[in-house]
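Descriptive structure summary
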Amino acid sequence: MSPFAEYAISALLLFGGAFTLIGAIGLARLPDFYTRLHGPTKATTVGVGAIMLSSVIYFSAMGEDIGISEILITVFLLMTAPVSANMLAKAAMHIGVKTVEGTDGKPWEQ
Amino acid sequence: MFDRLSFPQPWLSLILFATWQILSDGVSGGSVVLGLILAWVIPQITHGFWPERPAFVKTWRMPVYILRVLKDIIVASFSVAWLILSPRTPRPAFISYPLTLDHPLAISILASTISLTPGTVSADVSDDNQTLLIHALDAGSDQEVIDAIYNSYEKPLMEMFK
């Protein structure tokens, strides 16, 4: 493997790991259920995306496969993350989860 | 009877078949057979959930839209990451977004886009498909968020679905 590929893989892994960690910190730090929904749909998407990209580079550099399956995993993730966030939000509104003080507007009655 | 043996959505079947070939380790007799079965069964089962055939005229605009959304996802993650790490408390808000789009598929694409991009998650759509409820993590004002979504996502989608 060329040193350039090694640097790229390490950088992407660190970057992805950092973003996933920040997403997890967000779960602990954000004040209520609805704000916590924002962590998994964004920070983590990029985190996993970066880790997938490093996997693609690794396997191409090893001369095995071009790694279309990793790209498919990322696509599936991008397709399912909004749906799960939407279902979580709907369920929370249905059972009337309280919003944090200072929130503008109100969730709908279900 | 022949309904049951047909492919009601040829494109969906083709995509499913191709996806299965990529996911399995190399194309073989087994993967082709299983791919054909999946390409036949899944559209049959999910047939009832699909909206009427969309007036998807300008498909060639889709790649531009996807690239813009990918760029926004990366920008959005940085701003959300920064918000999580900064000591300031965010100002969350529920915003009712008035929809101009009317096709169900277009609305679901818009809702997914909103969930993936800058500080917003779409929470619900009203029963008459007129309003989308959005939760914003850190909203300046409602109008700002509505204008930003309208200009960057809803307008291009309206052009695609006309």
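Residues numbered from 1 in each chain as written. Chains lettered and ligands numbered in written order. Predicted model: local features only at pLDDT ≥ 70, side-chain atom pairs only at ≥ 80, totals over all residues. Heavy atoms only, no water.

1. What to know about the packing of helix H5 (residues 68–94) of chain A against helix H5 (residues 104–116) of chain B
The contact between H5 of chain A and H5 of chain B brings their axes to 9 Å, and the two run at 95°. It follows that H5 of chain A is roughly perpendicular to H5 of chain B by the angle criterion. Here Leu78, Ala81 and Pro82 of chain A of H5 of chain A come into contact with H5 of chain B, specifically with Ser112, Ser115 and Leu116 of chain B. Taken together, the residues that form the contact of H5 of chain A with H5 of chain B break down as 4 nonpolar, 2 polar and no charged. (Axes fitted to C-alpha atoms, helices over the stretch in contact; angles between N-to-C directions. Helix = DSSP H or I, 4+ residues; strand = E, 2+ residues; numbered from the N terminus. Parallel < 35°, antiparallel > 145°, perpendicular 65-115°, else oblique. Contact = heavy atoms within 4.5 Å. Nonpolar A, V, L, I, M, F, W, Y, C, P; charged D, E, K, R; others polar.)

2. A short note on a nonpolar patch on the surface
Residues Ile71, Val75, Phe76 and Met79 of chain A together with Leu23 of chain B make up a contiguous nonpolar surface patch of roughly 450 Å² in combined accessible area. Looking at the nonpolar patch, the element that brings in the most residues is H5 of chain A, giving 4 residues. In this structure, Ile71 of chain A sits in helix H5. Residue classification places Ile71 of chain A among the partly exposed residues on the basis of a relative accessible area of 48%. (Patch = residues over 30% accessible without salt bridge, like charges linked within 9 Å, V, L, I, M, F, W, Y side chains within 5 Å. Areas by Shrake-Rupley, 256 points an atom, 1.4 Å probe, with all protein chains shown as cover. Salt bridge = Lys/Arg side-chain N within 4 Å of Asp/Glu carboxyl O. Buried < 20%, exposed > 50% of the residue type's maximum accessible area, 1.4 Å probe, protein only.)

3. Quick notes on the domain arrangement of chain B
When the domains of chain B are assigned, the result is domain 1 (2–49) and domain 2 (59–161). Here the C-alpha centre of domain 2 of chain B lies 32 Å away from the C-alpha centre of domain 1 of chain B. (Domains from an automatic or database assignment.)

4. Re the side chain of Ser115 of chain B
Topologically, Ser115 of chain B is positioned in helix H5. Within the local environment of Ser115 of chain B, its side chain forms a polar contact with the side chain of Ser122 of chain B, the two groups lying 3.1 Å apart. (Polar contact = N/O pair within 3.5 Å; in protein donor to acceptor, adjacent residues only side chain to side chain.)

5. So, the packing of H5 of chain B against helix H6 (residues 142–160) of chain B
All names here are of chain B. Here H5 crosses H6 at 150°, and the two axes come no closer than 10 Å. One finds that H5 runs roughly antiparallel with respect to H6. For the pair H5 and H6, the crossing hand works out as right-handed. Side by side, H5 and H6 meet where Ala106, Ile109, Leu110, Thr113 and Ile114 of the first sit next to Ile149, Tyr153, Glu154 and Leu157 of the second. Across the contact of H5 with H6, the residue classes break down as 7 nonpolar, 1 polar and 1 charged. (Left-handed = near helix turned anticlockwise from the far one by under 90°.)

6. Looking at the sheet that holds strand E2 (residues 120–125) of chain B
Spatial strand order, E1-E3-E2 (chain B): 3 strands in an open sheet with antiparallel pairing. Edge positions in the sheet fall to strand E1 (93–98) and E2 of chain B, since each has one partner strand and no second. Between one strand and the next, the sheet's axes are offset by a mean angle of 30°, whatever the strand orientation. Looking at chain direction, E1 of chain B and strand E3 (residues 131–136) of chain B are connected through 6 bridges and run antiparallel. Among the inter-strand pairings, Phe94 of chain B is bridged to a residue of E3 of chain B, identified as His135 of chain B. Docked against the sheet, H5 of chain A engages E2 and E3 of chain B, running at close to 60° with respect to E2 of chain B. The strands touched by H6 of chain B are E1, E2 and E3 of chain B; relative to E1 of chain B, the strand with the most contacts, the crossing angle is about 50°. (Pairing = 2+ DSSP bridges.)

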